[in-house]
Amino acid sequence: MSLKLVFFICFLSSLALGYADGNSGKYPIVVSTWPFVEAVRAAWRAADGGFSAVDAVVEGCSACEELRCDGTVGPGGSPDENGETTMDALIMNGVTMEVGAVAAMRYVKDGIRAARLVMQHTQHTLLVGEKASAFAIAMGLPGPTNLSSSESMEKWTKWKENGCQPNFWKNIVPQDGCGPYHPKSNADLTEGECFSSNLMGVVEPRSSLVGLHSHDTISMAVIDKMGHVAVGTSTNGATFKIPGRVGDGPIAGSSAYADDEVGACGATGDGDIMMRFLPCYQVVESMRQGMEPKLAAKDAISRIARRFPDFVGAVVAVNKNGVHAGACHGWTFQYSVRNPDMDDVEDLGLITEDNVGQELDPNMAKMGQEDHKGNTGQKGHLGHPIEEENMATMGQDDQQMKQLDHPPGQEETESNCCQEMGQ
Ligand SMILES: *[C@@H]1O[C@H](CO)[C@@H](O)[C@H](O)[C@H]1NC(C)=O
């Protein structure tokens, strides 16, 4: 198998890693957030078989939807407050700059295919909710389908039993229970302890739901044999989101961006924050101005981190020369790559603050491989205790901003994961 996985651990602040393969100009290339190995393989098979970048992206993201990668792509995962699973997906053609996307789509499991139908058969860019479902079904996709699974139902039931904690609300009553919620009165707000600021300006306290396992996106870029660029994303959004919430997944320029003249970018993480900064648009525009992918990726992440030190997220960038790089903040990030020049070895690198920004040492890459071999399309352990990171990042005087309550049962997993990754 010729597949390269690059791992990041963001311990203290934003990190970036660049990766020049010395195979400039050789296509196709597939780059994807996370070790979604089967998805990358599917996209690779399509691109290597002569499919267009758009079709290869659809094959790759579809594979992830079918496999329910990580439980956060495709049906059966990430229940919202009502226990329902919905789909967000986007596709972008870097040749024509056409985009098709669906958001909060109910009852249809084929997110990326629905997005492609929007791009190919309408003059619109984004369809939402039940109307997106009706469109997708009318255009031939299977449905209506129950997108819940016994796992998603169980997760949701536990969350309800836990008083609907944690959740994405703020400045509401009741704070400790399930809804219906009401806005806190102004008097409550001024008394409230929750508003804190730092040197960079006002920062909202973030719930622990952000990041870690609650919402990960496949964001994939393909450069096909003709050198054409496309990107696509698929996700079922944030777990326990307020119904109706749309994150960065279906937003062009945020979760993904492609331009044939420059290259492509994919992003994942805290979409509610990231979509305010259009990080992938920023990455592509920085590369257009001449920045290397590594710098462009790091710059896009640090623009967000300066204003939201608590955010977790990552971007991966690839330019038209096939040079790829990633940058992350606040969590462990991994991305995978396949191109024609890779030998038949799965390379895994473990990036820490000591070696960040340097070329991966192949020996180190092999060491990493031992620990993560089992990864076949499902993301393994990700992340590590964000509480610790933020302590380190933000200094001791910002204590009140660091109150991150982990979703029930996750804390231990994350800690173990951290130890595992650190060995
Ligand atoms: C959908 O599937 C879930 C899990 O199997 C089940 O609990 C739920 O009742 C189903 N909903 C409907 C409307 O059939």
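Residues numbered from 1 in each chain as written. Predicted model: local features only at pLDDT ≥ 70, side-chain atom pairs only at ≥ 80, totals over all residues.

Undergrad: I would appreciate a short explanation of the overall build of the protein chain in the present structure.
TA: In terms of regular secondary structure, the protein chain is built from 12 helices and 18 strands. Every one of the 423 residues in the protein chain was classed for burial, and the buried ones make up 55%. (Helix = DSSP H or I, 4+ residues; strand = E, 2+ residues; numbered from the N terminus. Buried ≥ 20, exposed ≤ 12 C-beta atoms within 10 Å, placed from the backbone.)

Undergrad: What am I meant to see in the site of the ligand here?
TA: Every residue lining the ligand is accounted for by Asn146, Ser148, Ser149, Ser150 and Met153. Of the residues in the shell around the ligand, the class split is one nonpolar, four polar and no charged. (Near = placed C-beta within 6 Å. Nonpolar A, V, L, I, M, F, W, Y, C, P; charged D, E, K, R; others polar.)

Undergrad: Help me understand the packing of helix α8 (residues 279-288) against helix α9 (residues 293-307), please; the structure alone is not making it clear to me.
TA: To characterise two packed helices, one gives the angle between the axes of the helices and the distance between these axes. Their axes nearest at 9 Å, the elements α8 and α9 cross at an angle of 140°. As α8 runs across α9, the sense of the crossing is right-handed. Between α8, through Pro279, Gln282, Val283, Ser286 and Met287, and α9, the contact on the second element is made entirely by Pro293, Ala296, Ala297, Asp299, Ala300, Ile301, Arg303 and Ile304. (Axes fitted to C-alpha atoms, helices over the stretch in contact; angles between N-to-C directions. Left-handed = near helix turned anticlockwise from the far one by under 90°. Contact = placed C-beta atoms within 7 Å.)

Undergrad: What's the story with helix α3 (residues 111-121) in this structure? I'm lost.
TA: Each α-helix winds once per 3.6 residues, and so residues spaced three or four apart point in a common direction. Across the 11 residues of α3, nine count as buried, placing the element largely inside the fold. By the burial criterion, the buried members of α3 are Gly111, Ile112, Arg113, Ala114, Ala115, Arg116, Leu117, Val118 and Met119. Looking at the buried side of α3, the elements it contacts are α2 (53-67), β4 (87-93), β5 (98-105), β6 (126-128), α4 (129-138) and β12 (229-235).

Undergrad: Even after reading the chapter, I still don't get the pairing of strand β17 (residues 332-338), so can you show me in this structure?
TA: Within β17, seven of the seven residues are buried, leaving the element largely enclosed by the surrounding structure. With four bridges joining them, strand β3 (residues 29-33) and β17 adopt antiparallel strand pairing. Looking across to β17, one finds that valine 31 is bridged to valine 337. (Pairing = 2+ DSSP bridges.)

Undergrad: How should the nonpolar core be read in this particular structure?
TA: Core analysis: the biggest nonpolar cluster contains 98 residues, and Ala43, Val57, Val102 and Val315 have the highest contact counts within it. Filtering out sequence-adjacent residues up to four positions away, valine 315 remains in contact with Cys265, Gly266, Ala267, Pro279, Cys280, Val283, Ala297, Ala300, Ile301, Gly326 and Ala327. (Core = buried A, V, L, I, M, F, W, Y, C linked by C-beta atoms within 7 Å.)

Undergrad: Would you mind going over α8 with me for this structure?
TA: For α8, a buried count of seven out of 10 residues is recorded, marking the element as mostly surrounded by other parts of the structure. Within α8, burial applies to Pro279, Cys280, Gln282, Val283, Val284, Ser286 and Met287. Where α8 is buried, its residues touch β13 (256-259), β14 (263-269), α7 (271-274), α9 and β15 (313-319). Two residues or fewer past α8, glycine 290 is found with a positive phi of approximately 110°.

Undergrad: Looking at this model, I keep getting lost on the UniProt feature "binding site: substrate" (unreviewed entry) in the protein chain. Mind explaining?
TA: UniProt feature "binding site: substrate" (unreviewed entry): in the numbering of this structure it lies at Arg245, Val246, Gly247, Asp248, Thr268, Gly269, Asp270 and Gly271. Here threonine 268 shows up in strand β14. On the neighbour-count criterion, threonine 268 (31 C-beta atoms within 10 Å) is buried. Within the element layout of this structure, glycine 271 appears in helix α7. We classify glycine 271 as buried; it has 28 C-beta atoms within 10 Å. (UniProt positions renumbered as here; feature names shortened; annotations may be inferred.)

Undergrad: What is the right way to read unusual backbone geometry from this model?
TA: When glycine is set aside, most residues are seen to have a negative phi, and most peptide bonds are trans. Cis geometry is adopted by the peptide bond preceding proline 174, which originates at valine 173 and carries an omega value of -5°. Mapped onto the secondary structure, proline 174 falls in the loop between β7 (172-173) and β8 (182-183). A cis amide bond links glycine 179 with the next residue in sequence, proline 180, at an omega value of 5°. Tracing the backbone shows proline 180 in the loop between β7 and β8. Here serine 78, not a glycine, exhibits a phi torsion of approximately 40°, which is positive. For serine 78, the position within the fold is in the loop between α2 and β4. Residue class for serine 78 comes out buried when judged on the 29 C-beta atoms lying within 10 Å of it. One non-glycine residue, tyrosine 107, adopts positive backbone phi at about 65°. Residue position: tyrosine 107 is located in the loop between β5 and α3.

Undergrad: Teacher, can you tell me more about the pairing of β12 here?
TA: Burial runs high along β12: seven of the seven residues are buried. On β12, burial covers both faces: Val229, Val231, Thr233 and Thr235 on one face and Ala230, Gly232 and Ser234 on the other are all buried. When β4 meets β12, the two strands line up antiparallel, connected through six bridges. Paired with aspartate 88 across the strands is threonine 235, a residue of β12. Examined bridge by bridge, strand β11 (residues 218-223) and β12 share six bridges and lie antiparallel to one another. Residue valine 222 lies in a different strand from β12, and its bridge partner there is alanine 230. Linkage of β11 to β12, two consecutive antiparallel strands, is achieved through a turn of five residues, within which glycine 227 is found at a positive phi near 85°.

Undergrad: Mind showing me how you'd approach the packing of α2 against α3 here?
TA: α3 packs onto α2 with a crossing angle of 145° between their chain directions and a minimal axis gap of 8 Å. From α2, Val58, Cys61, Ser62 and Glu65 reach across to α3, where they touch Gly111, Ile112, Arg113 and Arg116. For the contact of α2 with α3, the per-class residue count stands at three nonpolar, two polar and three charged.

Undergrad: What am I meant to see in the environment of valine 231 here?
TA: Mapped onto the secondary structure, valine 231 falls in strand β12. Along the chain, valine 231 and cysteine 265 lie 34 residues apart, while their C-alpha atoms are 7.6 Å from each other. Those residues in contact with valine 231 that lie beyond four places of it in its chain are Val57, Met92, Ser219, Met220, Ala221, Ala256, Tyr257, Ala258, Ala264 and Gly266.

Undergrad: Explain the environment of alanine 101 to me, please; I cannot follow it from the model alone.
TA: For alanine 101, the position within the fold is in strand β5. Residue class for alanine 101 comes out buried when judged on the 32 C-beta atoms lying within 10 Å of it. Residues alanine 101 and aspartate 88 lie 13 residues apart in sequence; the distance between their C-alpha atoms is 7.5 Å. Those residues within four positions of alanine 101 in sequence are excluded, and the remaining contacts are Ala89, Leu90, Ala115, Val118, Thr125, Leu126 and Pro250.

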